[in-house]
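Coordinate analysis (summary)
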Amino acid sequence: MEILVLGLNHKTAPVEIREKLSIPAHKTQELLRTLEARRIFKERVLLSTCNRTEIYGVGDGGDEAILRTKEFLSEYAHLKISDFEDKLYVLRQPDSVEHLFSVASGLDSMVIGETEIIGQVKDAYFSAHENRQTGKVLNTLFQRSFKVAKNLRSQTEIGSGKVGVASVAVDLSEKIFSKLKGARVMVLGTGEMSTQVAKAMVSRGAYPLIVSSRHFDRAETLAASLGGEAVSYDDYESRIKDVDVILASTLAPKVLIHKEQVKRWMKIRREKPLFLIDIAVPRNIEAETGDLDDVYLYNIDDLQGIAEKNMAQRKSQLDECFRLVRGQTGHFMSWLVKEFSVSNEASL
Amino acid sequence: MVPENWLWIHIALLVTGLMCLLMAVISALLYLLQSAQIKSKHLGKIFLKLPSLDALDKLHFYYLSAGVIFFTSGLVSGIFWARDLKESSQILKDPMAILSFITCVIYWVILSLRASTLSRGQKIAAGTVLAFFLLVVTLMSSSFAPSGFHKGF
C-alpha cells in the first residue's frame, strides 16, 4: 500500500496542456466514480485549480496504477499519453506526502504563500469524502495537510504582506481608514490598473465609487460595472469633500493635481486623512503633495516596491517552511508505518 | 463637606485624569509612528503590528476626552478644597496650580478642535504630545516651587 500523486502544474506544463487536463468542479464527482469503477486506487482525491491538476491515490497497484491513471487522463483530455507524459510528475511516498503539505501551504503556488489554495484543497478533499472516495489514509493525510498549512502561517512569515499592486493598495487603505467599509473612493481616469485597484477596494466594502474621466462615457461604463456614479471631469473637485481615496490613472501627459490644490482640499476636508494613489505614467499628482500633513501619496513604483519586498520576505521563509514540512512528513510517515504494521498483524 | 473629603476627591479625579491623558499621549505617539511609517513607504514590522490610523485616532480621542474631563474636575475639586480651608487666595500663588490651569486650557483647546473636527490627524496628535510634556513639567514644578500648596508633592 502506498500513497501516490500524479499531476502537472504551472512549473511543469504550459497552459495549453493544463487547460486540457483541467477538471471543472461539476465534473469531479463523475470522474471520481469513473476512477472507482476502473479500480484505479483504493482511495482517491482529484485536485484541479487553474494552475494544477493532481490525482492523489492510495493503493497496491504501483506501476500498474500509474499507467492506468495516465490512460484515464489521456482519455479525459483527448491527448496521447506521449503529449503530456514528460510534463507529468509521479511522486511516491514520502515525496507525495511532502508534496501535498507543500501544495496546501501555498509553497508550490505561483504566488508563494497565497491562501486560496488551501480552500481549493479542502474543496477537493470534501468532494471526494462526500462521494466516499477516501478512507483512513487520505482522510488522515488531508486533515493533517490543513493543520500543516495553518501551522506554517502561524510559525513563519510565509503569508506576511500582500504581493499584488491592488492588494497592497487595499492593505494601505485599511491601515489608514480601518475598514474600507465606509470609505469612499474616487477614480480619475479609467485605465486597466485603476479598474483593478478600484475593483479590489469595492470587493472589500468601499462605498460606491465616484468615477471621473475626460471621456464621460468611459466613466459611466466603469461606474456601472463596479457600482457608483460618473462625474464629469470638470466637476470632480466639487466632490473631494466626500472622498477618502483618490485613484489617479489618466493618460494626461502632465501633472493634474498640485500640492497647493490638495492643501486647499485638506482645509475643506477639515484635515481628514486623504490617500492618493497615482498609478499613471507620467504621474498625475505632484510628488511634493505627499509632504502635506495627513496626505498619503503612493505611486505605481511605491506599490510595486512594497509588493516585491513582501514577495522577497515570503521567499526568505521558504527554507524554514520546507524544514517544517519535512518534519511533518516524517511524523505522518511514522503514523502510517505504525498504523499499517498493526493492521497487517491484526489481519494475520 | 469636610475639607479632607475634597482632598481625596481632588486626588482621585486627578489620578484618573492623568492615567487617561497618559493613554491619550501613548495613542497619539503610536498615531504619529504609524503615520510616519506610511509616509516613509518603508513598511516595517511595526506597520503590520500597529492598528490603523483611524483606530488610533478614535482611541486617542476617547482617552483625551475622558482625561480632560477628569483633569478639569480634579482642578475644580481642588478649588473647593482650598475654599473649605479658607485658602482660596493662595491658589494664585501656587506655581503648580497656575501651570495646571494653563495646561487644562491647552487641553480644552486641543479637545475642542478635535471634537469639532476643525483639526485632526497628525496636528492634533502632535498637540497632545506637547500638552503632555507641559503636564509633566506641571507635575514636576512642585519639586522646584519655592512656595505654594503643592510644595514638596
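Cut-off values and rules
Residues numbered from 1 in each chain as written. Chains lettered and ligands numbered in written order. Predicted model: local features only at pLDDT ≥ 70, side-chain atom pairs only at ≥ 80, totals over all residues. Helix = DSSP H or I, 4+ residues; strand = E, 2+ residues; numbered from the N terminus. Buried ≥ 20, exposed ≤ 12 C-beta atoms within 10 Å, placed from the backbone. Contact = placed C-beta atoms within 7 Å. Pairing = 2+ DSSP bridges. Axes fitted to C-alpha atoms, helices over the stretch in contact; angles between N-to-C directions. Arc of directions from axis to C-beta. pLDDT = per-residue confidence, 0-100. Domains from an automatic or database assignment. Parallel < 35°, antiparallel > 145°, perpendicular 65-115°, else oblique. Left-handed = near helix turned anticlockwise from the far one by under 90°. Nonpolar A, V, L, I, M, F, W, Y, C, P; charged D, E, K, R; others polar.

Helices and strands together make up the secondary structure of chain B, namely six helices and zero strands. Reading the secondary structure of chain B in the N-to-C direction produces α-α-α-α-α-α. For chain B, the C-alpha atoms occupy an extent of roughly 60 × 30 × 25 Å along the three principal directions. Going through the 153 residues of chain B one by one, you find that 34% of them count as buried. Long-range pairs, those at least 24 residues apart, make up 77% of the contacts in chain B between residues at least 6 apart in sequence.

Residue and element names in this part refer to chain A. On the basis of which strands lie adjacent, the open sheet formed by six strands has the order β7-β6-β5-β8-β9-β10 and parallel pairing. One side of each edge strand has no neighbouring strand; the edge strands of this open sheet are β7 (228-232) and β10 (295-299). Put simply, the sheet's adjacent strands are angled 20° from each other on average, direction ignored. When strand β8 (residues 245-248) meets strand β9 (residues 274-278), the two strands line up parallel, connected through four bridges. When the sheet's bridge partners are listed, Leu 247 is paired in β9 with Ile 277. Those strands touched by helix α8 (residues 165-177) are β8, β9 and β10, and its axis lies near 165° from that of β9.

Further remarks concern helix α10 (residues 216-226) of chain A. All names here are of chain A. All of the buried residues along α10 are Ala 219, Leu 222 and Ala 223. Looking straight down α10, one finds that the buried residues subtend no more than 100° of arc, so they occupy a single side. Structural note: α10 exposes Asp 217 and Ala 224 on the side pointing more than 90 degrees away from its buried face. If you follow the buried residues of α10, they end up packed against β5 (185-188), α9 (192-203), β6 (209-213) and β7. Where α10 terminates, the next one or two residues include Gly 227, which has phi positive at roughly 90°.

Let's shift gears to the confidence of the model for chain B. Averaged over all residues, the pLDDT of chain B is 88; the fraction at 70 or higher stands at 92%. Across the predicted assembly, pTM comes out at 0.76 and ipTM at 0.84.

By a frequent convention, interface size equals the accessible area lost on bringing the separate parts together. Split by domain assignment, chain A resolves into domain 1 (2-160 + 313-347) and domain 2 (165-303). Spacing between the C-alpha centres of domain 1 of chain A and domain 2 of chain A amounts to 43 Å.

Here we come to the packing of helix α5 (residues 95-104) of chain A against helix α7 (residues 136-155) of chain A. Residues and elements named next belong to chain A. Contact pair α5 / α7: the axes reach a minimum separation of 8 Å and the direction vectors enclose 45°. Compared by their axis directions, α5 and α7 come out oblique. Handedness of the α5/α7 crossing: right-handed. Two secondary-structure elements touch here, α5 through Val 97, Leu 100, Phe 101 and Ala 104 and α7 through Leu 141, Ser 145, Phe 146, Val 148 and Ala 149. Residue composition of the contact of α5 with α7, grouped by class: eight nonpolar, one polar and no charged.

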